[in-house]
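Architecture and fold: a report
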Amino acid sequence: QVQLVESGGGLVQAGGSLRLSCAASGNIFLINNMAWFRQAPGSQRELVATITHSGSTSYADSVKGRFTISRDNAKKTAYLQMNSLKPEDTALYYCNANIFAISARYPTEYWGQGTQVTVSS
């Protein structure tokens, strides 16, 4: 059974920083792309950042220059360093990963349970 577990969310003042982690566990053969999404109350889930297995990254325009996605393939973990946080960054942040499980025929998308980030003004 493959599982993604996020951690690192919390309450921070505007201008502050947080670092989110997403740890994958289970019978994993290969983790392809990993990504962070977020969903604010009353809004659709939006893509924040992605990172390929080789480390290529992409970001939503709203977080470029403030957020950095990274990963440690040996630890099967992705990170999201969030700096210069704004109240509009307040959301439930979800980790997503495309994972090829051992003995699986195809890779599958997996989601974490989410971690809350709240930025006060």
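Overview of the structure. (Residues numbered from 1 in each chain as written. Predicted model: local features only at pLDDT ≥ 70, side-chain atom pairs only at ≥ 80, totals over all residues. Heavy atoms only, no water.)

1. Re the nonpolar core
Across soluble globular proteins, nonpolar side chains show a tendency to be buried alongside one another. Formed by 30 residues in total, the largest nonpolar core has its most connected members in W36, L80, M82 and Y93. Among the elements that make up this core, the one with the highest residue count is strand 9 (residues 91-101) (6 residues). For Y93, the residues in contact, after removing those within four places along its chain, are E6, L20, W36, F37, R38, V48, F67, L80, M82, G114, T115 and V117. (Core = buried A, V, L, I, M, F, W, Y, C linked by side-chain atoms within 4.5 Å. Buried < 20%, exposed > 50% of the residue type's maximum accessible area, 1.4 Å probe, protein only. Helix = DSSP H or I, 4+ residues; strand = E, 2+ residues; numbered from the N terminus. Contact = heavy atoms within 4.5 Å.)

2. Quick word on the environment of I102
Take I102: it is sitting in the loop between strand 9 and strand 10 (108-111). Taking C-alpha positions, I102 is 5.5 Å from N27, a pair spaced 75 residues apart along the chain. Not counting residues within four places of it along the chain, the set of residues in contact with I102 comprises N27, I28 and F29.

3. With respect to the state of the cysteines
The full count for this structure, using the stated rule, is 1 disulfide. Linked covalently through their sulfurs, C22 and C95 form a disulfide whose S-S length is 2.0 Å. Because the sign of the S-S torsion sets the handedness, a value of about -75° for the bond joining C22 and C95 places this disulfide among the left-handed ones. With a gap of 73 residues between them, C22 in strand 3 (residues 18-25) and C95 in strand 9 connect regions that are remote in the sequence. (Disulfide = S-S within 2.5 Å.)

4. Considering the side chain of E6
On the secondary structure map, E6 appears in strand 1 (residues 3-7). Buried and unpaired, E6 has no salt bridge, with R45 as the nearest side chain of opposite charge at 7.7 Å. At a separation of 2.7 Å, a polar atom in the side chain of E6 contacts the main-chain amide nitrogen of C95. Of note is the side chain of E6, whose polar atom sits 2.8 Å from the backbone nitrogen of G114. (Lys, Arg positive; Asp, Glu negative; His and termini not counted. Salt bridge = Lys/Arg side-chain N within 4 Å of Asp/Glu carboxyl O. Polar contact = N/O pair within 3.5 Å; in protein donor to acceptor, adjacent residues only side chain to side chain.)

5. Quick word on the pairing of strand 8 (residues 77-82)
For strand 8, a buried count of 5 out of 6 residues is recorded, marking the element as mostly surrounded by other parts of the structure. When strand 3 meets strand 8, the two strands line up antiparallel, connected through 6 bridges. Paired with L20 across the two strands is L80, which belongs to strand 8. Counting the residues in the hairpin turn of strand 7 (residues 67-72) and strand 8 gives 4 residues, including K76, whose phi is positive at 55°. (Pairing = 2+ DSSP bridges.)

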